[in-house]
Amino acid sequence: MMTTFLVLMAFFTVLVFSRVAAKGPFRVPRLGWQNWFFLFLSSSFLGCLFEMVFVWLGTGVLMSRSSLLYGAVSIVWGLGAVLMLLVLYPLRRYGGWAVFASGAVLGGSFEYLASLLLERVYHRLFWDYSHIPFNLDGRTNLLYAAFWGLAGVAWGYWLVPRLLKRLEHLPPKGGRVAATALALLLTMDMGLSAAAFLRMEERSHGLAPSNRLELALDTWYDDGTMQRRYQNMTQPLSAP
């Protein structure tokens, strides 16, 4: 509990620091919802790809790092990127080191809280850094916090300006239509993935399917299929 409290305090400290810095030319850009969505979606894909390459270089195993059943989409990376734009973009007024340090704290805190939330909801661990030095409950660690800091610098100073320029070339009407269609597909994928996880949790307690939907989930997304899709998924040590 104390660790979680300290993580929350660090998280909100960076938010307050950013709020104070958000003045003049360092305000967060005003974007339409479709541009926010495209930033989220592109960073979700890039983050998923980065993790796959990182794991492959370290282990030689090509492992899916997607958050969803279909597509290469990392929700954690997507939300983290949007959060970094909202919080770190104003901190450019204090220089690159301030962005790096704040990104490390923000990203590490976000990763810790996301891991805690996912474990509470699905009773599964989707990443465990207990084997890495200087980790916090296995949910985040100093090395990956440094990666978040570097990602924040690259995101705020290099990637975001280039992505925003590309988004300017999208036709407004066509961009909204494409964003709406992709958002609907993503919502369906998220709903199906969540249902498959919840049904897996029910199966772990010996609960038989009670309707056709649960029977279909048991047929198409059994434990073996889920484990192959989420190869890094484990049960916490406190699980029965």
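Since we're looking at a predicted model, the values are computed, not measured.

Caption draft 1: Expanded view of the pattern of salt bridges. Summed over all chains, the structure comprises eight salt bridges. Salt-bridge contacts for Asp223 lead to Arg203; the nearest nitrogen and oxygen are separated by 2.7 Å. Of this pair, Asp223 sits in helix α8 (residues 223–229) while Arg203 sits in helix α6 (residues 172–204), and the two are 20 residues apart along the sequence. On the basis of relative accessible area, Asp223 is assigned to the partly exposed category, the value being 41%.

Caption draft 2: View of a nonpolar patch on the surface. The grouping of Phe45, Leu46, Leu49, Val53, Trp56, Leu57 and Leu62 at the surface amounts to a nonpolar patch, some 710 Å² of accessible area in total. Accessibility expressed as a relative area gives 39% for Leu49, which makes it partly exposed.

Caption draft 3: Region of interest: the nonpolar core. Counting 49 residues, the largest nonpolar core has Phe37, Leu39, Leu88, Leu106, Trp155, Phe197 and Met226 as the members making the most contacts within it. When contributions to this core are tallied by element, the ones reaching two or more residues are α1 (2–21), α2 (33–59), α3 (75–88), α4 (96–122), α5 (142–168) and α6. With ten residues, α3 is the largest single contributor of residues to this core. Those residues in contact with Leu39 that lie beyond four places of it in its chain are Leu31, Leu85, Trp155, Leu163, Leu164 and Leu167.

Caption draft 4: Representation of the packing of α3 against α5 within the structure. Interhelical geometry of α3 versus α5 gives an angle of 70 degrees and a closest axis separation of 10 Å. In terms of their interaxial angle, α3 and α5 are classed as roughly perpendicular. Once α3 is placed against α5, the crossing between them reads as right-handed. Where α3 abuts α5, its residues Val76, Trp77, Gly80, Ala81, Met84, Leu85 and Leu88 lie against Trp148, Ala151, Gly152, Trp155 and Val160. A per-class count over the contact of α3 with α5 returns ten nonpolar, two polar and no charged.

Basis of the calculations
- Residues numbered from 1 in each chain as written.
- Predicted model: local features only at pLDDT ≥ 70, side-chain atom pairs only at ≥ 80, totals over all residues.
- Heavy atoms only, no water.
- Salt bridge = Lys/Arg side-chain N within 4 Å of Asp/Glu carboxyl O.
- Helix = DSSP H or I, 4+ residues; strand = E, 2+ residues; numbered from the N terminus.
- Buried < 20%, exposed > 50% of the residue type's maximum accessible area, 1.4 Å probe, protein only.
- Patch = residues over 30% accessible without salt bridge, like charges linked within 9 Å, V, L, I, M, F, W, Y side chains within 5 Å.
- Areas by Shrake-Rupley, 256 points an atom, 1.4 Å probe, with all protein chains shown as cover.
- Core = buried A, V, L, I, M, F, W, Y, C linked by side-chain atoms within 4.5 Å.
- Contact = heavy atoms within 4.5 Å.
- Axes fitted to C-alpha atoms, helices over the stretch in contact; angles between N-to-C directions.
- Parallel < 35°, antiparallel > 145°, perpendicular 65-115°, else oblique.
- Left-handed = near helix turned anticlockwise from the far one by under 90°.
- Nonpolar A, V, L, I, M, F, W, Y, C, P; charged D, E, K, R; others polar.

Remember that the coordinates give geometry; whether it matters functionally is a separate question.
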